[in-house]
Amino acid sequence: MLGIEIGNANIKIVLKDRKNRLLGSTYLVKTPSNVITDGKIMDINTVAEAIREVLRENNIREKRVCFSISSSQNILREITLPKMKEEEVEKALEYEVEQYIPDTYNYVIDFKFLPPLEGNGEKLRVLVASSPKEIVEKYVKLSEALKLYLEAIDIYANSLYKAFKKVGEKDGTVAIIDFGSSTTNVTLVSHGNFVLNKLLEFGGKKLTQAIASSFNLEFDTAEEYKKTREIENIEEILRENFSEEFQMVSRIFDFFYATYHKTVDKILLIGGNARLKGLKEYVKDYFKVEVIVPEEEKYLYFLPAYGCLLRGE
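Residues numbered from 1 in each chain as written. Predicted model: local features only at pLDDT ≥ 70, side-chain atom pairs only at ≥ 80, totals over all residues. Heavy atoms only, no water.

Draft legend 1. Summary view of the environment of E290. Relative to the elements of secondary structure, E290 occurs in strand β15 (residues 290–292). Spatially, the C-alpha atom of E290 lies 6.3 Å from that of I267, the residues being 23 residues apart in sequence. Those residues in contact with E290 that lie beyond four places of it in its chain are D265, K266 and I267. (Helix = DSSP H or I, 4+ residues; strand = E, 2+ residues; numbered from the N terminus. Contact = heavy atoms within 4.5 Å.)

Draft legend 2. Examining the confidence of the model for the chain more closely. Per-residue confidence for the chain averages 86 on the pLDDT scale, and 96% of its residues sit at or above 70. Across the chain, helix α1 (residues 44–57) holds the top mean pLDDT of 95, while helix α2 (residues 86–97) sits lowest at 78. (pLDDT = per-residue confidence, 0-100.)

Draft legend 3. Expanded view of helix α4 (residues 156–167). Taking 1.5 Å per residue as the helical rise, α4 with its 12 residues ought to reach 16 Å, and the 16 Å between its terminal C-alpha atoms agrees with that figure. Counting buried positions along α4 gives 9 out of 12 residues, so the element sits mostly inside the fold. The set of residues buried in α4 consists of Y156, A157, N158, S159, L160, Y161, K162, A163 and F164. (Expected span 1.5 Å × (residues − 1). Buried < 20%, exposed > 50% of the residue type's maximum accessible area, 1.4 Å probe, protein only.)

Draft legend 4. Region of the structure containing the layout of surface pockets. For the largest pocket, the calculated volume is near 1,200 Å³. Taken together, 46 residues make up the lining of the largest pocket; nearest its centre are N8, A9, N10, G180 and S181. Breaking the lining of the largest pocket down by element, the ones donating at least two residues are β1 (2–6), β2 (10–15), β12 (184–190), α5 (204–215), α6 (219–228) and α9 (297–301). In terms of residue class, the lining of the largest pocket is built from 13 nonpolar, 20 polar and 13 charged. Of the voids in this model, the second largest pocket is the one considered here, and its volume is about 990 Å³. L76, F194, V195, L196 and N197 are the residues nearest the centre of the second largest pocket, which is lined by 36 residues in total. When contributions to the lining of the second largest pocket are tallied by element, the ones reaching two or more residues are β7 (75–82), α4, β12, β13 (193–200) and α7 (234–260). When residues in the lining of the second largest pocket are grouped by element, the largest group, 8 residues, is from β13. Of the residues that constitute the lining of the second largest pocket, the class distribution is 17 nonpolar, 12 polar and 7 charged. (1 Å grid on protein atoms, 1.4 Å probe; cavity = no way out; pocket = protein on both sides within 12 Å on 5 of 7 lines; lining within 4 Å. Points joined across faces, edges and corners; volume = space filled by probe spheres on them. Nonpolar A, V, L, I, M, F, W, Y, C, P; charged D, E, K, R; others polar.)

Dropping the structure here:
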C-alpha cells in the first residue's frame, strides 16, 4: 500500500514493504505551486501528474493508497465517557461531538477506542477524528485520477501519533514539532498516549524571508542559503522574528501542564526546516528541555505518510 502526505512544499510517499521493514521505501517530490491550500487540493490533475511521475520513474505498481491530510480545519480530540455498551457509544458521541463541531453534517467523523489510563479504568477513552467533507472529497477524486483503490484517509495528527507509537519512545512526554514550510504542527504524546495537536500558522517561509532581509538576498537564494550554510546570528534572527510563535508553543505546553500536571520531557523536531543549523540549540535554550533532530531523512519527513499505513493501530 502507498501512504501519501501532500504538504505545502513537498509530497511525501511511502511504499509499505512486503517484508514489513520499518517505513519501507520513501519518495520525496516538490509540491507544484498553488495546488493545495490548508489541506484542500485546488488542482487535482496537477497533483495527480506529480505523483504519477514518481510511480512511473520508480516502477511502482501498487494499487492501494491511503492519504494523510494536514489542515487547520481537522479536529482530533479525546473524549472521555462513562463505561457503557459499545453500541451505546456512537449515540453518546453524537451529543459530545456537537459541542465542538456545530455543523457536523459538513464533516466526515470517525472514532476509535483508546486503552484506559492507569487509575482511570472506569472511564472509556475515545479518540474522535474529523475533517471537512469538501477536503475529503478532493482526496477521493485524487485517488480516482490516479486509478488507485482508496484504502483510507487519515488526519495528520492521528497518522503522526500512530507512526510515533511504532518508532518513538514510550516513556515521558514528547512534543513532536513539525516545522514545515507554511505551518508548524505541534503534537504531544505522553507515555505512548495521544494528548493533543495544534496547527500553528507559521513556518519556514517566514524564516527564509527573515534571512533574505537580514542578508539582502532574493527569496530563492535565501532558501538555498538556509539549506546549505551555517547562518550567522541565527539565534538573533529567530529571536527577532519568531518570539510570538515560540510563545504560542509555550502556551500549548502550559495548557498541558495545567490540564495534566505534567511537563514536556523532550522535543522531537521534524520537517523540512528541522536541520537548520542553530535551530536545535535555540529551541533547547528556549524551552529548557532536551531536543532531538532525527539523523535519518525518513524520520524527518515521512512519519505522517507512514502512520496512515498503520491500519487498526
